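One-letter residues, chain by chain:
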Amino acid sequence: MKPSKAKTVFDVQAIRRDFPILGRQVHGKPLVYLDNAATTQKPRAVIDALVHYYEHQNANIHRAIHTLGEEATAAYEETRAKVSQFINASRPESIVFTRSATEALNLIAYAWGRANVKKGDEIVLTQMEHHSNMVPWQRLAQEVGATIKYIGVSDEGTLDLDGLDDIITEKTKLVSVTQVSNAFGTINVLDKIIAAAHRRGALAVVDGAQSVPHMPVDVQAIDCDFLAFSAHKMLGPTGVGVLYARYELLEEMEPFQSGGEMISRVRLEGASWNDVPWKFEAGTPNIADVIAFGAALDYLSALGMDNVRAHEQELTAYALRRLRQLEDIIIYGPQDTSRRGGVASFNYPDIHAHDVGTILDREGVAIRAGHHCAQPLMRRFDMAGTARASFYIYNTLEEVDALIEGVEKARAFFSHASG
Ligand code: C6P
């Protein structure tokens, strides 16, 4: 089947030329990188920003009075301002840099959770959360004697919001929900959940690890209290995460880690804290990678997040249409692409997802196979895992064809093997 020409909103071939890794081959085949939900590739501008920092500006920040230190500090803080603008935070001081989305979620659980969640209180999560938005809350609940309640998932892979008022009650202190499922791609409608949380006086945490990289996200419009995401899933380097929080909450919260940078004054008897957000950035941060993340944000902003979303939606619609034509295949998540991100998650009843992934790898096609760090969701569907293709700005319809051909090969190989 020949693909119809892409109606893409930007020049994908020009974008591809910005990503050096896309020129490589895997097992003698051109690399088809469809594991973007795990981490995305990096454009030359991000790689260059890292090299430029180490070649021209390398210095510690917030303490040196020399020129290099001042330049590095300015570049680091400039990324904070760019992140703030990217998600429409009301001020850059609402942005805390962490190591990852995981660390951002842990920061909330420790610094806010330990002070505010008490015995008998309730925390509300969903059954489709990534482990990073489940385990920190489970540990907190266990430690303080709180209870966790879960919003269930329908057969379609969407949140079951019937009975929401019985789940979110006056006992609820915090509701934490992913905006987009990493495993199925489901886009969750947050308004109802966040409004219900606020009506009961609870705070709302949004796991934006799979939404911020792929669609416009406006924290003021969503009305969340916290948002967590990772730079490496949006063209940036690994080792940088973002915690957005309402400024007043950061002011009230005690620090997460302690040491250098996060203090204002230290005496033998004790210490006082630095201003927000530096109070939450103890020790020398990941300066180079934060600065290079700024280049990633520039790249995405120049494309426009509406365009990023439109491109992924087109690829996903095409992928779903082609996958549906394959006999026996099971596809997870909503079929309507207006309700799902750039993810196609599927299984054959009699072939292990890892086997599909291995055959695809021989064809140069990189996908993820397994439980996607969402074991409770896998259990809900009575399976060990899925094969997951996830798209980004540099993927093409032709690469979706390569995926389908690889899946067909896997099917043929294993039917043969077992037949
Ligand atoms: N999901 C995936 O392949 P970190 O690892 O901290 O950058 O991100 C954690 C995380 C949190 N929430 C969601 C919804 C996520 O998808 C992830 C990371 C990757 O699906 C790696 S497990």
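Thresholds, definitions, all that
- Along each chain, the written sequence defines residue order, and numbers are assigned to residues from 1.
- Residue-level local features of this predicted model are given only where pLDDT is at least 70; pairs of side-chain atoms are given and counted only at 80 or more, and the full residue set underlies all totals for whole chains, interfaces and linings.
- Side-chain numbers here rest on the full set of heavy atoms in the structure, without hydrogens or water.
- Per-residue confidence from the prediction method is given by pLDDT, with values spanning 0 to 100.
- In this description, contact between two residues means that some pair of their heavy atoms is separated by no more than 4.5 Å.
- Any two strands with at least two DSSP bridges between them are considered paired.
- The helix and strand labels rest on DSSP assignments: H or I over at least four residues marks a helix, E over at least two residues marks a strand, and numbering proceeds from the N terminus.
- An axis is simply a line fitted to the C-alpha atoms; with a helix, the fit covers only the stretch in contact. Between two such axes, the angle follows the N-to-C directions and lies from 0 to 180 degrees.
- One less than the residue count of a helix, multiplied by 1.5 Å, gives the span that helix is expected to have.
- Here the term buried applies to any residue with accessible area under 20% of the maximum for its type, exposed to any over 50%, and partly exposed to those in between, with areas from a 1.4 Å probe on protein chains only.
- The arc in question is traced by the directions running from the helix axis to the C-beta atoms.
- One side-chain nitrogen of Lys or Arg within 4 Å of one carboxyl oxygen of Asp or Glu is enough to make a salt bridge.
- Counted as a polar contact is a pair of N or O atoms within 3.5 Å, where, for protein atoms, one must be capable of donating a hydrogen and the other of accepting one, and residues adjacent in sequence contribute only when both atoms are in side chains.
- Classification of ring pairs rests on two measures: the distance between centres of Phe, Tyr or Trp rings, Trp counted by its six-membered ring, which must be within 6.5 Å, and the angle between planes, read as stacked under 30 degrees, edge-to-face over 60 and tilted in between.
- Charge-over-ring contacts are defined here by two conditions on Lys NZ or Arg CZ: a distance within 6 Å of the ring centre and an angle within 35 degrees of the ring normal.

**Some words on the confidence of the model for the chain**
Link 1 in the chain: Scored by pLDDT, the chain has a mean of 96; 97% of the residues are at 70 or more.
Link 2 in the chain: Note that pLDDT drops below 50 for residues 1-5; the model gives that stretch 12 contacts with residues more than four away or on any other chain.

**Considerations on the sheet that holds strand S9 (residues 226-230)**
Link 1 in the chain: Sheet architecture is open: 7 strands sit in the order S4-S10-S9-S8-S7-S5-S6, paired in mixed fashion. Every other strand in the sheet has two partners, leaving strand S4 (95-98) and strand S6 (147-151) as the edge strands with one partner each. Along the sheet, successive strands turn relative to each other by an average axial angle of 20°, direction set aside.
Link 2 in the chain: Two strands pair when backbone bridges link them, and strand S5 (residues 122-126) and S6 are joined in this way by 5 bridges, in the parallel orientation. The residue of S6 that forms the bridge with leucine 125 is tyrosine 150.
Link 3 in the chain: Relative to S4, helix H3 (residues 67-86) is tilted by about 120°, and along the sheet it contacts S4, S9 and strand S10 (241-245).
Link 4 in the chain: Of the strands in this sheet, S5, S6, strand S7 (172-178) and strand S8 (203-207) are in contact with helix H5 (residues 135-144), which crosses S6 at around 145°.

**Let's talk about helix H2 (residues 44-57)**
Link 1 in the chain: Between its first and last C-alpha, H2 extends 19 Å over 14 residues, near the 20 Å set by a 1.5 Å rise per residue.
Link 2 in the chain: All of the buried residues in H2 are Val46, Ala49, Tyr53 and Gln57. Considered in projection along H2, the buried side chains sweep an arc of 55° and stay on one side of the axis. Structural note: H2 exposes Tyr54 and Glu55 on the side pointing more than 90 degrees away from its buried face.
Link 3 in the chain: Contacts made by the buried residues of H2 are with H3 and helix H10 (287-303).

**What about the environment of alanine 195?**
Link 1 in the chain: On the secondary structure map, alanine 195 appears in helix H7 (residues 191-199).
Link 2 in the chain: A sequence separation of 28 residues divides alanine 195 from aspartate 223, and the C-alpha atoms of the two residues are 8.4 Å apart.

**With respect to the pattern of salt bridges**
Link 1 in the chain: Under the criterion given, the structure shown has 24 salt bridges.
Link 2 in the chain: Glutamate 77 is the partner of arginine 80 in a salt bridge, and the nearest nitrogen-oxygen pair spans 2.7 Å. Highlighted residues: arginine 80 and glutamate 77, both in helix H3, separated by 3 residues, approximately one helical turn.
Link 3 in the chain: Ionic pairing is found between aspartate 336 and arginine 339, a salt bridge with its closest N-O pair at 3.7 Å.
Link 4 in the chain: Through salt bridges that share partners, Lys29, Glu363 and Lys409 make up one connected network.

**Considerations on the side chain of glutamate 261**
Link 1 in the chain: Position of glutamate 261 relative to the elements: it lies in the loop between helix H9 (247-252) and strand S11 (263-267).
Link 2 in the chain: Taking the relative accessible area as the measure of exposure, glutamate 261 reaches 14% and is therefore buried.
Link 3 in the chain: Polar contacts involving the side chain of glutamate 261 include one to the side chain of arginine 63, which spans 3.4 Å.
Link 4 in the chain: The contacts of glutamate 261, once residues within four sequence positions are left out, are Ile61, His62, Arg63, Asn274, Trp278, Glu281, Ala282 and Gly283.

**Here's the deal with the packing of aromatic side chains**
Link 1 in the chain: All chains considered together, the criterion is met by 10 aromatic pairs.
Link 2 in the chain: Ring centres 5.1 Å apart and planes at 65° place the aromatic pair tyrosine 53 and tyrosine 54 in the edge-to-face group.
Link 3 in the chain: Taking 5.0 Å as the distance between ring centres and 85° as the angle between the ring planes, the aromatic pair formed by phenylalanine 413 and phenylalanine 414 counts as edge-to-face.
Link 4 in the chain: Phenylalanine 413 gets classed as partly exposed once you look at its relative accessible area, which sits at 48%.
Link 5 in the chain: Cluster of aromatic residues (ring-pair linked, three or more members): Phe19, Tyr299, Tyr392 and Tyr394.
Link 6 in the chain: Over the ring of tyrosine 247 we find arginine 91, and its NZ or CZ is 3.6 Å from the ring centre.

**Let's talk about unusual backbone geometry**
Note: most residues except glycine have negative phi, and most peptide bonds are trans.
Link 1 in the chain: In this chain, valine 276 is followed by proline 277 through a cis amide linkage whose omega measures 10°.
Link 2 in the chain: Mapping proline 277 onto the fold places it in the loop between strand S12 (270-273) and H10.
Link 3 in the chain: Look at aspartate 223: it is not a glycine, yet its phi comes out positive at around 70°.
Link 4 in the chain: With respect to the secondary-structure elements, aspartate 223 resides in the loop between helix H8 (219-222) and S9.
Link 5 in the chain: By relative accessible area, which is 43% here, aspartate 223 ends up partly exposed.

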